[in-house]
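# Results of the structural survey
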Amino acid sequence: MGIMSGDLQFHIKTNSEQIGGYVILPGDPGRVPKIAAKLDNAEQVAYNREYNVFTGYLDGVKVSVCSTGIGGPSAAIAVEELIKCGAHTFIRVGTSGGMDMKVMGGDLVVAQAAIRGDGTSREYLTPDYPAVADFEVTKALAEEAAVLSEDEDGKRFHVGVVQSKDSFYGEVAPETMPVGDWLEKRWESYIKSGCLTSEMEAATVFSVALTRRVRAGGVMLAIWNVERTKAGLPDTVTKDTERAIMCAIGAVRRLIKADKK
C-alpha cells in the first residue's frame, strides 16, 4: 500500500465520519478551540502539523473547524482533504491588514474575490481566471456582518476584493527585497484599484473550491490599516477576532437554513 492509502487523510488525519459538510477555516491552530466553543458538543478529532480539527453541531447539523496554517500550500492541502471527507462549504476567517483608506482596524471585510498574489492557485487555475468566492456564501457573510456592525470607526463592514500574498515581509518591508521596486508598484496598483485588505489564504481557498466545485467564502478582520499608518492618519488597532468569528458562525447558520429549503 502507498503512503496515501488508509482510512485517514494523509495530512489532517481525519475520515469522512469526523468532518461536517460545513467547515470554518482559521489560519491559527490556537484559534480553533475558540471557534469550536460556539458549536454544540464540539470535540477535537485530530491535530497534526498545522491542522487542528474540531467537529460539533449547529442547529443539529455537523460543522467542523480546521486550521490551515499560514499561506497557500497548507491551506490547499486542508481544503483538498476536507473535501475528500465530504465537506462542501468553506468559510475562511482570519486577520488582515487594511489597504483602502476607508477600512479601519476592527472592521470586517467580506471577500467577493481575491487577487491571486499566491503561488498555489497557479497550479489550479489559468493566470487569467479569477479567484472568486461563492455568491451564496458571500451573501450569508455580508448579511451577518451587517447585523454585527455599527456606523463607527472599527465597527463597520465592507464587501469587495482582498489581496492574497505569499510573503508577509514582502508587504511590510518591500524596500529590503531585491524586487522591492516591483513589489511597491504592484501594491500601489492594488490601492488604486480599490483593494480593501491584504491576507494570505483566500485566493488559494477560493481557487481550490472553484476547481473542486464546492462553495467557499471568507471574512477577515482588519487588525489595522497599513496605508493609514503610512499617511500618519488615525486608526483603530485591534486583535480581537470575536466579531469575525461570530460572522462566520452566523453565516453557516444562514447557509444551513437555506440549504434545508
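To be clear, the structure that these remarks concern was listed above.
This text gives an overview of the structure that appears in the document.

Rules of the game
Residue positions are counted from 1 within each chain, in the order its sequence is given. Where totals are concerned, whole chains, interfaces and linings use all residues; where local detail is concerned, this predicted model gives features only for residues with pLDDT of at least 70, and gives and counts side-chain atom pairs only at 80 or more. Excluding hydrogens and water, the side-chain figures rest on all heavy atoms present in the structure. Secondary structure elements are taken from DSSP: a helix is a run of H or I of four residues or more, a strand is a run of E of two residues or more, and numbering for both begins at the N terminus. A helix is expected to span 1.5 Å multiplied by its residue count minus one. For every residue, the accessible area (1.4 Å probe, protein chains only) is compared with the maximum for its type, and the residue is labelled buried under 20%, exposed over 50%, or partly exposed between those bounds. By construction, the arc corresponds to the directions joining the helix axis to the C-beta atoms. By the convention used here, residues are in contact when the closest approach between their heavy atoms is within 4.5 Å. What makes two strands pair is DSSP finding at least two bridges between them. Patch building starts from residues that exceed 30% relative accessible area and form no salt bridge, then joins like charges within 9 Å and nonpolar side chains (Val, Leu, Ile, Met, Phe, Trp, Tyr) within 5 Å. Residue exposure ignores everything except the shown protein chains as possible cover, and the areas themselves are Shrake-Rupley values with a 1.4 Å probe. Each reported salt bridge corresponds to a side-chain nitrogen of Lys or Arg within 4 Å of a carboxyl oxygen of Asp or Glu. Counted as positive: Lys and Arg. Counted as negative: Asp and Glu. His and the chain ends are not counted at all. Think of each charge as sitting on NZ of Lys, CZ of Arg, CG of Asp or CD of Glu. Here an angle of 0 to 180 degrees is reported between the N-to-C directions of two axes, which are lines fitted to C-alpha atoms, with helices fitted over the stretch in contact. For this classification, under 35 degrees means roughly parallel, over 145 means roughly antiparallel, 65 to 115 means roughly perpendicular, and everything else is oblique. The handedness criterion is simple: a crossing whose near helix is rotated anticlockwise from the far helix by less than a right angle is left-handed, and one whose near helix is rotated clockwise is right-handed. In the scheme used here, Gly and all other residues not listed as nonpolar or charged are polar, with Ala, Val, Leu, Ile, Met, Phe, Trp, Tyr, Cys and Pro taken as nonpolar and Asp, Glu, Lys and Arg as charged.

## Considerations on helix α5 (residues 180–192)
Its 13 residues give α5 an end-to-end C-alpha distance of 18 Å, which sits within 8% of 18 Å, the value for a rise of 1.5 Å per residue. Of all the positions in α5, only Gly180, Leu183, Trp187 and Tyr190 are classed as buried. Each buried residue of α5 lies within a common arc of 85° when the element is viewed along its axis, so the set occupies one face. Projecting away from the buried face of α5 at angles above 90 degrees are the exposed residues Asp181, Trp182, Lys185 and Lys192. If you follow the buried residues of α5, they end up packed against β6 (108–117), β8 (157–165), α4 (168–172), β9 (197–199) and α7 (226–230). Of the residues flanking the end of α5, it is glycine 194, one or two places downstream, whose phi is positive at about 85°.

## Focus: the pairing of β8
Sheet topology note: the β6/β8 ladder contains nine bridges and is parallel. What sits directly across from valine 110, in β8, is valine 159. Here three bridges tie β8 to β9, and the two strands are oriented parallel to one another. Looking at β9, one finds that serine 164 is bridged to glutamate 199.

## Considerations on a negative patch on the surface
Judged by side-chain charge, Glu175, Asp181, Glu184 and Glu188 come together as a negatively charged surface patch. Relative to the assigned elements, glutamate 188 resides in helix α5.

## Thoughts on the packing of helix α3 (residues 135–148) against helix α8 (residues 242–260)
α8 packs onto α3 with a crossing angle of 125° between their chain directions and a minimal axis gap of 8 Å. It follows that α3 is oblique to α8 by the angle criterion. Crossing handedness for the pair α3 and α8: right-handed. Residues Glu136, Val137, Ala140, Leu141, Glu143, Glu144, Ala145, Val147 and Leu148 of α3 form the contact with α8, whose participating residues are Arg243, Met246, Cys247, Ala248, Gly250, Ala251, Arg254 and Leu255. When its residues are assigned to classes, the contact of α3 with α8 shows eleven nonpolar, one polar and five charged.

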